[in-house]
Every structure is written in structure tokens, then in C-alpha cells.
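Structural overview
Listed here are the chains, written in short residue letters.
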Amino acid sequence: MKFLLKVLRNGLGAIIAFISWLIPTSKIKRASIQQKKVDEQTVNIELYQFFGCPFCIKTRRTIRRLNLNIVTRNAQTIGSEFRDEMQRETGKIQVPCLKITNDDEVQWMFESSDIGTYLNKHFG
Ligand SMILES: N[C@@H](CCC(=O)N[C@@H](CS)C(=O)NCC(=O)O)C(=O)O
């Protein structure tokens, strides 16, 4: 039963991801010097996510629209490096989650709406 639910959830997630991929996003265009500056600012940001999670899809669309080069980390696979790291560092598995590293300080940001607000505020 648990396995069936997992298959259903992943299947549904893949369908949503596919539909989202079909819907075009109008990307922000920046002058190359500006884009370079933004790329420098996002080099320390990583998105921990599941491929088919609707909240992650929403966040990935925001990232695409804002034309940000943010690395995505797969936190779905049990026993994987990034899932283990998230569990160890935050005490839970919840995606999407933005990991923002500034020097020695690491901030883990949960909630797709907060992530969207943060990205729009800084890069919109
Ligand atoms: N309110 C949260 C909801 C996020 C959420 O429910 N994420 C699910 C995946 S769709 C999750 O992290 N589940 C943990 C798990 O499946 O282990 C948001 O908007 O980001």
C-alpha cells in the first residue's frame, strides 16, 4: 500500500513537472554585466528539492522566471548525500528548502512562499 502511494505520488509529480515544462515562462532579461553580478550573488544558493513536488515546481518556475543560476539538490532519495545533510543540519526533511551560505554562516529557508518572496525581493 505504501509502495503504491509512493508510485502514485511520484507519477502525479512527474505529470505536474511535465505540464509545468510545457507552460512557457517569460524570463527576466538582464544586460550581461548585470547577469554576471546576479550569478555571483547566487553562487552560494542551493535549492534542496524533490523533482515532482508541486511546491518545488513552483519554486523552480520562480527561479527560471528570475533567470537565476541556482543549483538544485535532490533531497528525495533516501540515504543520499543531500537528504542526509538536510536531516542532519535542520532536523527534518521538507522541500523546497533554500540553503544560503555566507562565509561560515548557513541559512536554511523553508516554505515555498517565503522562498519566492526572498528571491523576488533580491533578484526581481
Ligand atoms: N508549506 C510547504 C509545503 C511543502 C511540502 O509539503 N513539501 C513536501 C513535499 S511536496 C515535503 O517536504 N515532504 C517531506 C517528505 O515527503 O519527506 C511549502 O509551501 O513549501
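Scoring rules and cut-offs
- Residues numbered from 1 in each chain as written.
- Predicted model: local features only at pLDDT ≥ 70, side-chain atom pairs only at ≥ 80, totals over all residues.
- Heavy atoms only, no water.
- Salt bridge = Lys/Arg side-chain N within 4 Å of Asp/Glu carboxyl O.
- Helix = DSSP H or I, 4+ residues; strand = E, 2+ residues; numbered from the N terminus.
- Buried < 20%, exposed > 50% of the residue type's maximum accessible area, 1.4 Å probe, protein only.
- Near = heavy atom within 4 Å.
- Polar contact = N/O pair within 3.5 Å; in protein donor to acceptor, adjacent residues only side chain to side chain.
- Axes fitted to C-alpha atoms, helices over the stretch in contact; angles between N-to-C directions.
- Parallel < 35°, antiparallel > 145°, perpendicular 65-115°, else oblique.
- Left-handed = near helix turned anticlockwise from the far one by under 90°.
- Contact = heavy atoms within 4.5 Å.
- Lys, Arg positive; Asp, Glu negative; His and termini not counted.

On to the pattern of salt bridges. Summed over all chains, the structure comprises three salt bridges. Among the salt bridges present, the one from Arg73 reaches Glu46, with a minimum N-O distance of 2.9 Å. Of this pair, Arg73 sits in strand 2 (residues 71-74) while Glu46 sits in strand 1 (residues 45-49), and the two are 27 residues apart along the sequence. According to the relative accessible area criterion, Arg73 is partly exposed, its value standing at 23%. Residue Arg88 is joined to Glu89 by a salt bridge in which the shortest nitrogen-to-oxygen separation is 3.5 Å.

Looking now at the site of the ligand. Every residue close to the ligand is listed here: Arg9, Phe50, Cys53, Phe55, Ile93, Gln94, Val95, Pro96, Glu111 and Ser112. Take Arg9: an N or O atom from its side chain is 3.1 Å from an oxygen atom of the ligand. For the ligand, a nitrogen atom lies 2.7 Å from a polar atom in the side chain of Glu111.

The next subject is the packing of helix 1 (residues 2-22) against helix 3 (residues 54-65). Closest axis-to-axis distance for the helix 1/helix 3 pair is 10 Å, and the angle between their directions is 20°. The angle between helix 1 and helix 3 places the two elements in the roughly parallel class. Note on packing geometry: the crossing formed by helix 1 with helix 3 is right-handed. Taken together, the residues of helix 3 that come into contact with helix 1 (itself represented by Gly13, Ile16, Ala17 and Ser20) are Pro54, Ile57, Arg60, Arg61 and Arg64.

With that settled, consider the side chain of Arg83. Its location among the elements puts Arg83 in helix 4 (residues 81-90). One buried charged side chain, Arg83, makes no salt bridge at all; its nearest oppositely charged neighbour is Asp84, positioned 5.9 Å away. Among the polar contacts listed, one links the side chain of Arg83 to the backbone oxygen of Gln76, at a separation of 3.2 Å. When neighbours within four sequence positions are excluded, Arg83 is seen to be in contact with Phe50, Asn74, Ala75, Gln76, Thr77, Ile78 and Ile93.

In this section: unusual backbone geometry. Along the chain, Val95 connects to Pro96 via a cis peptide bond; the corresponding omega equals 0°. Mapped onto the secondary structure, Pro96 falls in the loop between helix 4 and strand 3 (97-102). The backbone of Asp103 sits at a positive phi, close to 50°, despite the residue not being glycine. Among the structural elements, Asp103 can be located in the loop between strand 3 and strand 4 (105-110). Here the phi dihedral of Glu111 falls at roughly 75°; this positive angle occurs in a residue that is not glycine. With respect to the secondary-structure elements, Glu111 resides in the loop between strand 4 and helix 5 (112-123).

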